[in-house]
Amino acid sequence: MLGPVILAASRSDRMRRLVSATPVTRPVVDRFIPGETVDDIVPIIRSLTDQGLELTMDVVGEDITTPAQAEAARDAYLELIDRLGPLDLGTRAEMSVKLSMFGQALDGGHELALKNVRPVVEAAAEAGTTVTLDAEDHTTLDSMFAIHEELRKDFPQTGCVIQAYLFRTEADARRLADSGSRVRLVKGAYKEPAEVAYQQRHEIDKAYVRVLRTLMEGEGYPMIGSHDPRLISIAQELARTAGRKLDEYEFQMLYGIRGDEHLRLAAEGHRMRVYTAYGTDWYGYFMRRLAEKPANLRFFARSMVSKG
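Residues numbered from 1 in each chain as written. Predicted model: local features only at pLDDT ≥ 70, side-chain atom pairs only at ≥ 80, totals over all residues. Heavy atoms only, no water.

*Asks:* Can you help me understand the overall build of the protein in this one?
*Replies:* When its secondary structure is counted, the protein shows 13 helices and 8 strands. Within the protein, contacts between residues at least 6 apart in sequence are counted, and of these 72% link residues at least 24 apart. Entry remark: accessible area of the protein is about 13800 Å², with carbon and sulfur atoms responsible for 52%. (Helix = DSSP H or I, 4+ residues; strand = E, 2+ residues; numbered from the N terminus. Contact = heavy atoms within 4.5 Å. Areas by Shrake-Rupley, 256 points an atom, 1.4 Å probe, with all protein chains shown as cover.)

In structure tokens:
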């Protein structure tokens with residue numbers, strides 16, 4: 001029940017100032033966002049890959065109000081890719097991008113976002129890796145899918161994200177599976193109206209399984225974005241039924257959540273990719289992590305009590 005309240009708070013400037021100014025916040029944020037700069041994050045990348053894990057890197061920040069800020073977001077990703085080069089990780093370290101950071105919501109936003117994200121995708125390809133376009137609220141998805149389709153003409157390895165709680169997702173999954181795309185499936189973390197999205201957890205879980213079955217039986221590369229033990233088990237069974245080898249799909253989980261499970265899946269031979277965010281504009285990302293799972297909120301509350 002608190003999820004919608006927290007999601008509303010994630011867009012509140014007043015709450016942003018309050019949470020950011022609270023002295024006990026930073027140590028809790030560090031659980032989910034292990035650094036603010038590339039220099040901070042490179043040791044994290046080395047540590048995770050040394051443990052047999054893979055990464056998808058997210059430079060946090062979505063409140064873009066000027067073209068100059070969108071260009072700065074582009075440049076931040078280009079800097080990251082440049083720093084990844086000497087590590088020679090290839091696809092073991094990819095990028096996740098939100099098109100809102102590249103100017104999607106500004107005037108002429110679709111063209112601006114495509115213009116800004118293309119150099120990032122090109123640089124990633126030159127470095128031997130790739131980019132996944134994150135899904136945001138439902139009003140942005142037609143633009144995201146169109147940009148994804150355009151980028152795949154030259155960079156077919158470009159991935160995208162679909163959200164199980166949206167009614168449209170089953171049709172999107174069929175189209176993407178038929179096209180052979182890389183697709184990350186998540187439950188969804190934005191507050192969406194009942195007209196476009198399932199509202200009950202059991203409905204979302206059922207939709208997740210239906211969509212995952214479509215992806216596993218298709219021609220693409222499924223990426224299972226979930227921390228739910230039951231859905232992870234179902235995903236393994238669907239993969240076996242579809243005849244997929246261990247390198248023909250992967251699991252993805254957030255940095256700071258179920259770290260032991262990351263290592264367990266990797267030890268079993270699965271590709272296990274850790275979604276690792278960094279940057280100074282962490283507030284919106286942090287609040288959505290709290291909204292996604294009650295355990296995250298309890299962790300935050302306990303930390304505030306113990307450190308307050």
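*Asks:* What exactly am I supposed to notice about unusual backbone geometry here?
*Replies:* Keep in mind that most residues, glycine aside, have a negative phi and that most peptide bonds are trans. Here the phi dihedral of Asp88 falls at roughly 55°; this positive angle occurs in a residue that is not glycine. Position of Asp88 relative to the elements: it lies in the loop between helix 5 (67-84) and strand 2 (93-97). Despite not being glycine, Arg258 has its phi angle at roughly 60°, a positive value. Mapped onto the secondary structure, Arg258 falls in the loop between strand 7 (250-254) and helix 11 (259-267).

*Asks:* Just to check I follow, could you spell out the packing of helix 8 (residues 169-179) against helix 9 (residues 201-217) for this structure?
*Replies:* The packing of two helices is summarised by the inter-axis angle and the distance between the axes. The interhelical angle for the contact between helix 8 and helix 9, taken along N-to-C directions, is 10°, at an axis separation of 9 Å. Relative to helix 9, the element helix 8 is oriented roughly parallel. Contacts between helix 8 and helix 9 pair Thr169, Glu170, Ala173, Arg174 and Ala177 from the former with Arg210, Val211, Thr214 and Leu215 from the latter. The residue inventory of the contact of helix 8 with helix 9, partitioned by class, reads 4 nonpolar, 2 polar and 3 charged. (Axes fitted to C-alpha atoms, helices over the stretch in contact; angles between N-to-C directions. Parallel < 35°, antiparallel > 145°, perpendicular 65-115°, else oblique. Nonpolar A, V, L, I, M, F, W, Y, C, P; charged D, E, K, R; others polar.)

*Asks:* Help me understand the packing of aromatic side chains, please; the structure alone is not making it clear to me.
*Replies:* Here a ring pair, both rings aromatic, is described through the centre-centre distance and the interplanar angle of the planes. Tallying each qualifying case throughout the model produces 3 aromatic pairs. Judged by centre distance (6.0 Å) and plane angle (80°), the ring pair of Tyr249 and Phe251 falls under edge-to-face. Each member of the pair, Tyr249 as well as Phe251, carries the same accessibility label: buried. The ring centre of Phe145 lies 4.9 Å from the NZ or CZ of Arg175, which sits over that ring. (Phe/Tyr/Trp six-rings, centres within 6.5 Å; stacked < 30°, edge-to-face > 60°. Buried < 20%, exposed > 50% of the residue type's maximum accessible area, 1.4 Å probe, protein only. Lys NZ or Arg CZ within 6 Å of the ring centre and 35° of its normal.)

*Asks:* How do you make sense of the nonpolar core when you look at a structure like this?
*Replies:* One recurring pattern in soluble globular proteins is that nonpolar side chains are buried together. Grouped together as the largest cluster of nonpolar side chains are 77 residues, with contacts concentrated most on Tyr77, Met95, Val117, Leu133 and Ile162. If you tally residues by element for this core, the top one is helix 6 (residues 109-126), at 8 residues. Excluding anything up to four places from it in sequence, Ile162 contacts Phe145, Thr169, Asp172, Ala173, Leu176, Val183, Arg184, Leu185, Val186, Val211 and Leu215. Within the second largest apolar cluster, 6 residues are counted, among which are Phe32, Ile33, Ile257 and Tyr275. (Core = buried A, V, L, I, M, F, W, Y, C linked by side-chain atoms within 4.5 Å.)

*Asks:* Help me out: how do you make sense of the side chain of Gln252 in this one?
*Replies:* Mapping Gln252 onto the fold places it in strand 7. Overall, the relative accessible area of 3% leaves Gln252 in the buried class. Within polar-contact distance, the side chain of Gln252 engages the side chain of Glu250 at 2.7 Å. Every residue in contact with Gln252, bar those within four places of it in the chain, is listed here: Thr56, Arg184, Met223, Ile224, Gly225, Ser226, Met272 and Arg273. (Polar contact = N/O pair within 3.5 Å; in protein donor to acceptor, adjacent residues only side chain to side chain.)

*Asks:* Quick question: what am I supposed to make of the side chain of Thr276 here?
*Replies:* Structurally, the position occupied by Thr276 is in strand 8 (residues 272-278). On the basis of relative accessible area, Thr276 is assigned to the buried category, the value being 0%. The contact partners of Thr276, leaving out residues within four places of it in the chain, are Pro34, Ile41, Ile44, Leu48, Leu55, Thr56, Met57, Asp58 and Tyr255.

*Asks:* Sorry if this is basic, but what is going on with the sheet that holds strand 1 (residues 54-59) here?
*Replies:* Consider a sheet: its strands pair through backbone hydrogen bonds, and that pairing is either parallel or antiparallel. Taken in spatial order, the 8 strands of this closed barrel run 1-2-3-4-5-6-7-8, and their pairing is parallel. Ignoring strand direction, the axes of neighbouring strands in this sheet form an average angle of 30°. Examined bridge by bridge, strand 1 and strand 8 share 6 bridges and lie parallel to one another. Within strand 8, the residue paired with Val59 across the bridge is Tyr278. (Pairing = 2+ DSSP bridges.)

*Asks:* Would you explain the pairing of strand 8 in this entry?
*Replies:* Looking along a regular strand, one sees the side chains alternate between the two faces of the sheet. Burial runs high along strand 8: 7 of the 7 residues are buried. The alternating pattern of strand 8 places Met272, Val274, Thr276 and Tyr278 on one face and Arg273, Tyr275 and Ala277 on the opposite face, and all of these are buried. With 4 bridges connecting them, strand 7 and strand 8 associate as parallel partners. Across the sheet, Phe251 pairs through a bridge with Met272, a residue of strand 8.

*Asks:* Whenever I open this one, the layout of surface pockets confuses me. Can you help?
*Replies:* It is a probe the size of a water molecule, rolled over the atoms, that shows where empty space is left. Of the pockets and cavities examined, the second largest pocket occupies roughly 260 Å³. Lining the second largest pocket are 21 residues, and of these Glu36, Val59, Ala76, Gly279 and Thr280 sit closest to its centre. Elements with a contribution of two residues or more to the lining of the second largest pocket: helix 4 (38-50) and helix 5. Top contributing element to the lining of the second largest pocket by residue count: helix 5, with 6 residues. (1 Å grid on protein atoms, 1.4 Å probe; cavity = no way out; pocket = protein on both sides within 12 Å on 5 of 7 lines; lining within 4 Å. Points joined across faces, edges and corners; volume = space filled by probe spheres on them.)

*Asks:* I'm lost on the confidence of the model for the protein in this one. Help?
*Replies:* Detailed reading of the predicted model is not advised wherever pLDDT is low. With 82% of its residues at a pLDDT of 70 or more, the protein shows a mean pLDDT of 88. Long-range and interchain partners of residues 303-308, a stretch whose pLDDT sits below 50, account for 7 contacts in this model, where long-range means more than four residues apart. (pLDDT = per-residue confidence, 0-100.)

*Asks:* What am I meant to see in the pattern of salt bridges here?
*Replies:* Two side chains of opposite charge can pair, provided their charged atoms sit close to one another. This model, assessed by the stated rule, comprises 24 salt bridges. Residues Asp142 and Arg168 are paired through a salt bridge, measuring 3.0 Å at the closest nitrogen-oxygen approach. Of the two residues, Asp142 sits in helix 7 (residues 141-154) while Arg168 sits in the loop between strand 4 (159-163) and helix 8, which places them 26 residues apart along the sequence. Classification of Asp142 as exposed rests on a relative accessible area of 55%. On the basis of relative accessibility, which here comes to 29%, the residue Arg168 falls in the partly exposed class. Here Arg168 makes a salt bridge to Asp172, at a shortest N to O gap of 2.7 Å. Classification of Asp172 by relative accessible area gives buried; the value is 7%. In the salt-bridge network here, residues are joined through shared partners; they are Glu54, Glu250, Arg271 and Arg273. (Salt bridge = Lys/Arg side-chain N within 4 Å of Asp/Glu carboxyl O.)

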